[in-house]
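Report on the structure
The chain contents come next:
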Amino acid sequence: MRQLIRGRVLDFHADPRDSEDNHRFWEDGAILIEDGRILAVGDHADLAREGLAEIDHRPHLILPGFIDPHIHFPQLQVIASWGAQLLDWLNTYTFPAEAQFADPDHAARMAGLFLDQLTAHGTTTAVAFCSSHKASAEALFTAAHARDMAMVAGKVMMDRNAIPAVHDTPQSSYDDSAALIAAWHSKGRQRYAITPRFAITSSPEQMEMAGALIRENPGLHLQTHLSENRDEIDFTLSLYPEARDYLDIYDRYGLLGPRTLLGHSIHLETREIDRIAETDSRPVFCPTSNLFLGSGLFDAEGLRGRGITSGIATDVGGGTSWSMLTTLAEGYKILQLQGQKMHPLTAFHWATRGNALTLGLEAEIGTLAPGSAADLVVLDPRATPAMALRAERAETLAEELFILQIMGDDRAVTQTYVAGRPCKQLRASAGISPPS
Ligand code: GUN
Ligand code: FE
């Protein structure tokens, strides 16, 4: 069925990313969709037809859905865990919570809740770390496929330095990853990401397996973590004494390239930055996580100045919010602490088109171009009384966007469309109830 979605429509160009001249805006705009795809975008007057079904979201803004390029599926119940920095936080809270995902029933229940949370916050695609258990990835892909929601995900490979309940082995991690790739990669909108958690939790034998998987499956994404925390870096270098630096460990196993996502990438040596640029690998900035875990300040401007393409992501549950709006707000503050600036139009470009470009998926998501998926977010810059009060003095689109960026959260998301279907809801059947 053809349908018109009407509102104040904002779409971004591929380039330039870092200027205000990066977008198109239709004050009375519309998006024509059919079978989950966008057929046309433009002025409502040009697209309206007698008898065509129409949903009117005016005066709200319609943008491509948010993309979250680094999030941990099995950490929904880890978010807001008190008092630790990275390594203690992993050992104390995270590994025990991830151990539960060996149970397919638990994983299936959590997968539905995970996708509900994403869409409640306006996120239509995520790049997700699952737990080390094959069942966790099965559960996430099954749930996302049923909703026709584009996911990039992989089971984490981790064979040491955690707890036995979340350890795999080099061979089992290879076998499970290969089986998941065969079952899920390119099935509908699902994509597999090879996922060695980080160098601390992978033996050299397992790194070899990750390298074999990427050689055997060229074009797949690979996600991991890099240089998030000083103690992490020291421990990592002690485990791989032959490596020149942290990045060199991944490099030696052939894991770098334009489809490689390097979560955090905060404390980098000059040589590492050179090598990230040379291999066109993709750092991912995780502002709320970096502040919450006390990890450090991501040098967005420095990396951009080197021609490096980076993403911006929540990193739930090290991150403290599911909202890409809140993520942009905290990112803005981290840049401020370094004398850097993030213009609201640059910020919203980053969370949509920019992240799609970072993933190399710009033809499918993060855009309203005809032929792309009808994944949309509808935003209300006057969602709360405090926002509405501030918006009384807003005169430009950029000001409205900045109010959303700094004050917005899921309350500002009035609707989310995944493949053309409205889906902003928290299903009562999922079993969420207040504590008694
Ligand atoms: N490094 C390795 N695993 C993790 C994780 O789950 N979260 C964060 N923030 N960093 C990591
Ligand atoms: Fe992470």
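If you're wondering where the values come from, they're calculated on a predicted model, not measured in any experiment.

In the vicinity of ligand 1, the residues found are H72, L86, L90, T94, R197, F198, H225, E228, S289, D315 and G318. With 3 residues, helix 2 (residues 86-99) is the single largest residue contributor to the shell around ligand 1. Looking at side-chain class alone, the shell around ligand 1 contains 3 nonpolar, 5 polar and 3 charged residues.

The residue P69 is located in strand 5 (residues 66-72) in this model. On the basis of neighbour counts, which here come to 30 C-beta atoms within 10 Å, the residue P69 falls in the buried class. With near-sequence residues (within four places) excluded, P69 lies in contact with V127, L261, V284, G311, A313, N355, T358 and L359.

For the rest of this paragraph, the subject is the pairing of strand 12 (residues 282-285). Alternating residues of strand 12 divide into R282 and V284 and P283 and F285, and every residue in both groups is buried. With 3 bridges connecting them, strand 11 (residues 260-264) and strand 12 associate as parallel partners. Opposite L261, over in strand 12, you have R282 as the bridge partner. Where the polypeptide runs from strand 11 across helix 9 (residues 270-279) and back to strand 12, its parallel neighbour, the crossover connection is right-handed. Here 2 bridges tie strand 12 to strand 13 (residues 311-312), and the two strands are oriented parallel to one another. Looking at strand 13, one finds that V284 is bridged to G311.

Most of strand 1 (residues 3-12) sits inside the fold, with 7 of its 10 residues counted as buried. For strand 1 and strand 4 (residues 53-64), the ladder comprises 6 bridges, and the chain directions are parallel. Pairing of Q3 across the sheet is with A53, part of strand 4. Summarising the sheet, strand 1 and strand 2 (residues 23-34) pair through 9 bridges and their orientation is antiparallel.

Compared with the 22 Å implied by 1.5 Å per residue over 16 residues, the 21 Å span of helix 13 (residues 344-359) between its first and last C-alpha is a close match. A maximum bend of about 55° is found in helix 13 at W350. Of all 16 residues that make up helix 13, 16 are buried, and the element is covered over most of its length.

What counts as what
Residues numbered from 1 in each chain as written. Chains lettered and ligands numbered in written order. Predicted model: local features only at pLDDT ≥ 70, side-chain atom pairs only at ≥ 80, totals over all residues. Near = placed C-beta within 6 Å. Helix = DSSP H or I, 4+ residues; strand = E, 2+ residues; numbered from the N terminus. Nonpolar A, V, L, I, M, F, W, Y, C, P; charged D, E, K, R; others polar. Buried ≥ 20, exposed ≤ 12 C-beta atoms within 10 Å, placed from the backbone. Contact = placed C-beta atoms within 7 Å. Pairing = 2+ DSSP bridges. Right-handed = clockwise from strand over helix to strand, strands pointing away. Expected span 1.5 Å × (residues − 1). Bend = angle between axes of the 7 residues up to and from the residue.

From the geometry alone we can't say anything about function, so treat these as descriptive.
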